[in-house]
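So the chains spell out like this:
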Amino acid sequence: MARPNIIMIMTDQQRFDAIGCVNPLVKTPGIDSLARNGVLFDQAVCQCPMCVPSRNSMMFGLYPSQTGVRTNSGALLDESRLPGVPLPQLLSDAGYFCAGFGKTHWNNTIKGVPGSRRGFHVRAEGQPKFSLQYEEGAAMMDDEDAEGLKAYFDETSEFGSGEEKAAGYIGKTSALAKEHHRDGFIHKKCIEFLDGYEPDGRPLFLYLSFIKPHAGFNIPPEFEALYDLKDIPPLPTPPWENDPSPHIQNAMNASANLNAIHNERKNVWKTLSDDEKRLSTLRYYANCSFMDHFIESALKKIREKGLDKNTLFIFVSDHGEMMGERDYRFSKYCLFESSVRVPLILAGDCIDPALHATKDHRPAMLVDILPTICDAAGIEPNVQWPGESLLAKETKRKGAFSEYHGSGSEKTQIAPAWMWRNENYKLIYTRPGFCIDESSVSGEMYDLTNDPNEWQNIFDEPAYRDIRERMTIELLENAMNAFAKAPAFGDYRGTDKLKK
């Protein structure tokens, strides 16, 4: 059988429960159509809860501490010293035609200097050329719609860096046409490509990656109108005002910038009425519907062109969004469920029809995407990758791993927080900084079944000692196995010693 087309659709900062097939309140018919024709991995997590390390980790199939990109200020600028072959280059080398539309956020350049397309034959981005996302030969939004891009930036000017100040989360009804949003440009270029695409014998890798539902929440009115404020639930109120989580406290103490941004949003949110707070949540859901509108349009065009035949569809987001939980915490930058879990769907006729519209509860991770694609495309996977193909019937892992190293705004790299999670429990170890004092290591453990909000740290409770010790061993086994293999294995036999 011919190698399948691979259609990878991605959003930014979309919670695991912000899709209709998980939360019926959220209107995402395009994404839901993929879930009906595939498998939803409902326990999937990212490898680091922020954009740049998460996307590098996914594209190279390695943990953040293996790629070396641990925070949003990280970057791999030297193409001769990459930790591996990035996903589009791997598929291009294997004979795929690779077309990429939208955000990769590898940060593989400096402002105004084009970075490598890393295997994409066609590339378009909803960003200006002076941005860190500028790639060589890519169609950038200011090439074709400079006026629209300026209007977008004018409309969001008070939203602040990353559009994540309090004003960005309060949001507004957008006065701009959908086409003048950055994601509108990404969608437009993808549709133009599909309209003119004629297969040349090579299978297609289509990467379509949107910038939102990441804040800010400037939403076209037709998507706000999909929701009624009275249907939006209130924020759950924790039994404390200041978050007692050790890994949160360590991050706040290490980063004056992260602390200041959190306090700015918190101080504003305390002044808002309940309806104003609900409106922010409504706009987040409306942002998800906005992106789903583009996804549904692209899927329709893909089906019209017959590109849904012998095709593997992947839908995923890079991390989640806290949306005011845990004492008005927004954005990501933590290892709690709303931040670290992601929606992940595999769909299409490459998936056994008997599995369509089912849920898979295995501990899936974003690093599983690269070996999954290789499995579908008949490419031998790199034995150094810690991930596993999700096309296999079961996993060898007992849990899922994620790590957190601050936002990148810190003057020095803070020490890590490491997470090990299964469907029932979550374990976190953290340190306040680089040191050899064993007493500085702190632990967190949460019973996800009985305490889904993760408000009660049970790490020191005797009743959970055996579970904690077993999960600690599993975390260490996973780390030892992964970090012993990559990023470098300089034996004279190459990676042969790593193969069974």
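Our structure's up above, just so we're on the same page.
The structure presented is a predicted model; accordingly, all values stated were derived computationally and were not measured. (Residues numbered from 1 in each chain as written. Predicted model: local features only at pLDDT ≥ 70, side-chain atom pairs only at ≥ 80, totals over all residues. Heavy atoms only, no water.)

S.K.: Describe unusual backbone geometry, naming the residues involved and giving the relevant values.
M.R.: At the junction of Lys212 and Pro213, the peptide bond is cis and its omega measures out at 20° in the coordinates. Tracing the backbone shows Pro213 in strand S7 (residues 204-213). With an omega dihedral of 15°, the bond running from Ala215 to Gly216 counts as a cis peptide bond. Mapped onto the elements of the fold, Gly216 is located in the loop between S7 and strand S8 (218-219). Here Asp327, not a glycine, exhibits a phi torsion of approximately 70°, which is positive. (Helix = DSSP H or I, 4+ residues; strand = E, 2+ residues; numbered from the N terminus.)

S.K.: Residue-level account of the pattern of salt bridges, with values.
M.R.: Using the criterion set out here, one finds 38 salt bridges in the structure. A salt bridge links Asp368 to Arg397; the nearest nitrogen and oxygen atoms lie 2.7 Å apart. A residue pair is termed long-range when its members are at least 10 positions apart, and Asp368 in the loop between strand S11 (358-360) and helix H15 (369-377) and Arg397 in the loop between H15 and strand S12 (400-404) qualify at 29 residues. When sorted by exposure, Asp368 lands in the same class as Arg397, which is buried. Close ionic contact of Glu454 with Lys426 constitutes a salt bridge, the shortest N to O distance being 2.8 Å. Taken together, the positions of Glu454 in the loop between strand S15 (442-447) and helix H16 (465-485) and Lys426 in strand S14 (residues 425-430) put the pair 28 residues apart, joining distant regions of the chain. Classification of Lys426 by relative accessible area gives buried; the value is 0%. Each member of the salt-bridge network shares a partner with another, and the members are Glu337, Arg341, Arg421, Lys426 and Glu454. (Salt bridge = Lys/Arg side-chain N within 4 Å of Asp/Glu carboxyl O. Buried < 20%, exposed > 50% of the residue type's maximum accessible area, 1.4 Å probe, protein only.)

S.K.: An account of the nonpolar core is requested, with residue identities and associated values reported.
M.R.: Counting residues in hydrophobic clusters, the biggest one holds 73 residues, and the most contacted among them are Met8, Leu91, Phe205, Ile314, Leu344, Ile369 and Met445. Residue contributions to this core peak at 6 residues, all from H15. Aside from chain neighbours lying at most four places away, what touches Met445 is Tyr425, Lys426, Leu427, Gln456, Asn457, Ile458, Phe459, Tyr464, Ile467, Arg468 and Met471. (Core = buried A, V, L, I, M, F, W, Y, C linked by side-chain atoms within 4.5 Å. Contact = heavy atoms within 4.5 Å.)

S.K.: Tell me about the environment of Cys190, and name the residues and values.
M.R.: Of note, Cys190 is situated in helix H8 (residues 182-196). Separated by 68 residues in sequence, Cys190 and Val122 have C-alpha atoms that sit 10.0 Å apart. Filtering out sequence-adjacent residues up to four positions away, Cys190 remains in contact with Phe101, Leu206 and Leu208.

S.K.: Go over the side chain of Asp308, please, and point to the residues and values.
M.R.: Inspection of the secondary structure assignment puts Asp308 in the loop between helix H12 (274-304) and strand S9 (311-317). Of note is the side chain of Asp308, whose polar atom sits 3.2 Å from the side chain of Lys309. Leaving out residues up to four positions away in the same chain, Asp308 has contacts with Ile302, Arg303, Phe313 and Asp349. (Polar contact = N/O pair within 3.5 Å; in protein donor to acceptor, adjacent residues only side chain to side chain.)

S.K.: Tell me about the sheet that holds strand S13 (residues 417-421), residues and numbers included.
M.R.: One open sheet accounts for 4 strands, arranged S12-S13-S14-S15; its pairing is antiparallel. Every interior strand has two partners, whereas the edge strands, S12 and S15, have only one. Neighbour-to-neighbour, the strand axes of the sheet open up by a mean angle of 15°, direction not taken into account. Helix-sheet contacts for H16 involve S12, S13, S14 and S15, and the interaxial angle to S13 is about 110°. (Pairing = 2+ DSSP bridges. Axes fitted to C-alpha atoms, helices over the stretch in contact; angles between N-to-C directions.)

S.K.: With reference to specific residues and values, describe the pairing of S7.
M.R.: Of all the 10 residues making up S7, 10 are buried; the element is thus mostly covered by neighbouring parts of the structure. As judged from the 6 bridges shared by strand S1 (residues 5-12) and S7, these two strands associate in the parallel manner. Looking at the pairing, Met10 lines up with Ser209 of S7. Pairing of strand S3 (residues 97-102) with S7, which is carried by 6 bridges, proceeds in the parallel orientation. Each residue of the ladder has a partner; that of Gly100, found in S7, is Tyr207.

S.K.: Break down the environment of Met365 for me, with residues and values.
M.R.: With respect to the helices and strands, the residue Met365 is situated in the loop between S11 and H15. With relative accessibility at 0%, the residue Met365 sits in the buried group. Placed 170 residues apart in sequence, Met365 and Asp195 show a C-alpha to C-alpha distance of 34 Å. For Met365, the residues in contact, after removing those within four places along its chain, are Val45, Gln47, Tyr63, Arg397, Ala400 and Phe401.

None of this, on its own, says anything about what the molecule does.
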